[in-house]
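Given next are the chains, with one letter for each unit.
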Amino acid sequence: SVQGGLRNTTVEASLTTSMGKQELFLVLNSAGQINGYHIDLSDQAPSLVARKFVKALSTGHFISARSFLSLEMQKEIDVASLQARWQQLQRQTGNFIRIKKAVEAGSTADQHLVLVNSEFNRLSDSLFVILNGNNDIIGVDFPNEPVNPKPVP
């Protein structure tokens, strides 16, 4: 379906791929360009969604990374802000190397906390990713002061 609005047009679609059916929600600006999108990931594990989010950030795919955010968060955080936050983190930690582990640290009926332990070239740290019951990211805590490596005894 397509719904026109004052500033944006929204498109809701179902995609059928070899992996099954996926629901997609697009937001187009007045020039017809994609302003944001969201894919339904409610059938995936929260740790997998958080891992995909960090992977998208680490490879510079900030538009894709933003698609993991809830629609409310997408209104608050644009692509440039998300990119700036990631780059600020890397100024403190060094360049991203790999995701070591993504662990669901706690959950309630409507929220999941996933710690994405990531290795950077100067140190390792965990990013806190909070997802709602539909696996939309509703909170991301990039460490302001990452834990520095301890000296080897």
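Up top is the structure.
Residues numbered from 1 in each chain as written. Predicted model: local features only at pLDDT ≥ 70, side-chain atom pairs only at ≥ 80, totals over all residues. Heavy atoms only, no water.

Draft legend 1. Broad picture of the sheet that holds strand S7 (residues 124-132). An order of S5-S6-S7-S8 is seen for the four strands of this open sheet, with the pairing classed as antiparallel. The sheet is open, and its two edges are formed by strand S5 (96-107) and strand S8 (137-141), each paired on a single side. Between one strand axis and the next, the sheet turns through 20° on average, direction left out of account. Pairing of S5 with strand S6 (residues 111-120), which is carried by nine bridges, proceeds in the antiparallel orientation. Across the sheet, alanine 102 pairs through a bridge with valine 116, a residue of S6. Sheet strands touched by helix H1 (residues 46-58): S5, S6, S7 and S8. Its angle to S5, the strand with the most contacts, is close to 150°. Each of S5, S6, S7 and S8 is contacted by helix H4 (residues 79-93), which is oriented at about 45° to S6, the strand it contacts most. (Pairing = 2+ DSSP bridges. Helix = DSSP H or I, 4+ residues; strand = E, 2+ residues; numbered from the N terminus. Axes fitted to C-alpha atoms, helices over the stretch in contact; angles between N-to-C directions. Contact = heavy atoms within 4.5 Å.)

Draft legend 2. Examining the environment of arginine 85 more closely. Residue position: arginine 85 is located in helix H4. When the C-alpha positions of arginine 85 and arginine 122 are compared, they lie 18 Å apart, and in sequence the two are 37 residues distant.

Draft legend 3. Representation of the pattern of salt bridges in the model. What the rule picks out here adds up to one salt bridge. In this structure, the salt-bridge partner of arginine 98 is glutamate 119, at a minimum N-O distance of 2.8 Å. Taken together, the residues arginine 98 in strand S5 and glutamate 119 in strand S6 connect sequence positions 21 residues apart. (Salt bridge = Lys/Arg side-chain N within 4 Å of Asp/Glu carboxyl O.)

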